[in-house]
Every structure is written in structure tokens, then in C-alpha cells.
Amino acid sequence: MKLRTIFSSAILSAGLVMGAGAALAHGKGMMTMPGNGQTVGTDTKVMHLMFKEPMQITTVTMKSPDGKTYKISGPAANKAVKTWEGKLPKLAPGNYKIDWRGMSPDGHPMNGDFAFKVAN
Ligand SMILES: [Cu+2]
């Protein structure tokens, strides 16, 4: 009994380590538009999350300079896409941050964030 317990926990740890690595691999090479740290104009109307494999994006929020958090709408969460395009509200000059959450095709939870600046 004791041996079996040790054996199972060893498998569990290995699984967790591999899981974290695989989840990281999914996010590799993902790009955003605007890019992280980029300055864009007040006429910017959309944002993109671009992945190397289709992702199901569940939630995208944007924190604006006035302290408000907006939910950004785009392709439905049950649809896996390589490029997720979200409609932005009207942007005033200042600093913005976008947070996104999703799931890879094999069920790994994914998330990320990036910041950009809006200038006239
Ligand atoms: Cu995975």
C-alpha cells in the first residue's frame, strides 16, 4: 500500500511538471495587436490575439486610464481561432492593459496580458 501511494504521487508530480511546460509551449510565439508597449492612435478600433494553434478565448478585459474595466467582445468562447479580433470601445489618450484567458485545444488553461499606450 505504501509503495503504491509513493508511485502514484510520483506520476502526479511528473504530470504536473509536463503540464506546465506544455501550457507554456502553447503560448510561445503568440502575438498581439497592438503589440506590448506599442503606442497607437485614438482611431484604433480593434485588437487582435494571434496564436500558432487555434485557441478558445473565454474572457478578454481592458483596463482603461480612467480606471474602468471593459469586457471586450469577439469570437465566442466555444469557437477555437488562431486570430481573435475584439472590438474596442472609443479610446482616449493614456495607458491601457488587456488581460485575456482561454483554453488550448487539449484543455490547458491559458492566459496573458499586454499593455499599450494611446496618443493623439
Ligand atoms: Cu496542452
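Further up the page is the structure itself.
Cut-off values and rules
- Residues numbered from 1 in each chain as written.
- Predicted model: local features only at pLDDT ≥ 70, side-chain atom pairs only at ≥ 80, totals over all residues.
- Heavy atoms only, no water.
- Helix = DSSP H or I, 4+ residues; strand = E, 2+ residues; numbered from the N terminus.
- Buried < 20%, exposed > 50% of the residue type's maximum accessible area, 1.4 Å probe, protein only.
- Contact = heavy atoms within 4.5 Å.
- Core = buried A, V, L, I, M, F, W, Y, C linked by side-chain atoms within 4.5 Å.
- Phe/Tyr/Trp six-rings, centres within 6.5 Å; stacked < 30°, edge-to-face > 60°.
- Pairing = 2+ DSSP bridges.

## Describing the overall build of the protein chain
- For the protein chain, the helix and strand inventory stands at one helix and seven strands.
- Across the protein chain, helices and strands are ordered from the amino to the carboxyl terminus as α-β-β-β-β-β-β-β.
- Here the protein chain holds 120 residues, and the buried ones make up 28% of them.
- For the protein chain, restricting intrachain contacts to residue pairs at least 6 apart in sequence, the fraction spanning at least 24 positions comes to 58%.

## Side note on the nonpolar core
- Of all hydrophobic cores here, the largest spans 20 residues; its most connected members are Met-47, Leu-49, Val-60 and Phe-116.
- Every element with two or more residues in this core is listed here: strand S3 (46-63), strand S5 (80-87), strand S6 (94-103) and strand S7 (109-119).
- With seven residues, S3 is the single largest residue contributor to this core.
- Sequence-distant contacts of Met-47, that is, excluding residues within four places in its chain, are made with Met-33, Pro-34, Val-60, Ile-72, Trp-84, Glu-85, Gly-86, Leu-88, Ile-98 and Phe-114.

## Description of the packing of aromatic side chains
- All told, the structure shown has three aromatic pairs when counted by the stated rule.
- Pairing Phe-51 with Trp-100 gives two aromatic rings, centres 5.2 Å apart and planes at 75 degrees, and the pair type is edge-to-face. Linking Phe-51 in strand S3 with Trp-100 in strand S6, this pair joins segments that are 49 residues apart in sequence. Like Trp-100, Phe-51 is buried.

## Quick look at the pairing of S3
- By the bridge criterion, three bridges tie strand S1 (residues 31-33) to S3 in an arrangement that is antiparallel. Its bridge partner lying in S3, Thr-32 is registered against Leu-49.
- Sheet analysis places S3 next to S5, joined by seven bridges and oriented antiparallel. Its bridge partner lying in S5, Leu-49 is registered against Trp-84.
- In terms of strand pairing, S3 meets S6 through seven bridges, oriented antiparallel. Its bridge partner lying in S6, Lys-63 is registered against Lys-97.
- Sheet topology note: the S3/strand S4 (residues 69-71) ladder contains three bridges and is antiparallel.

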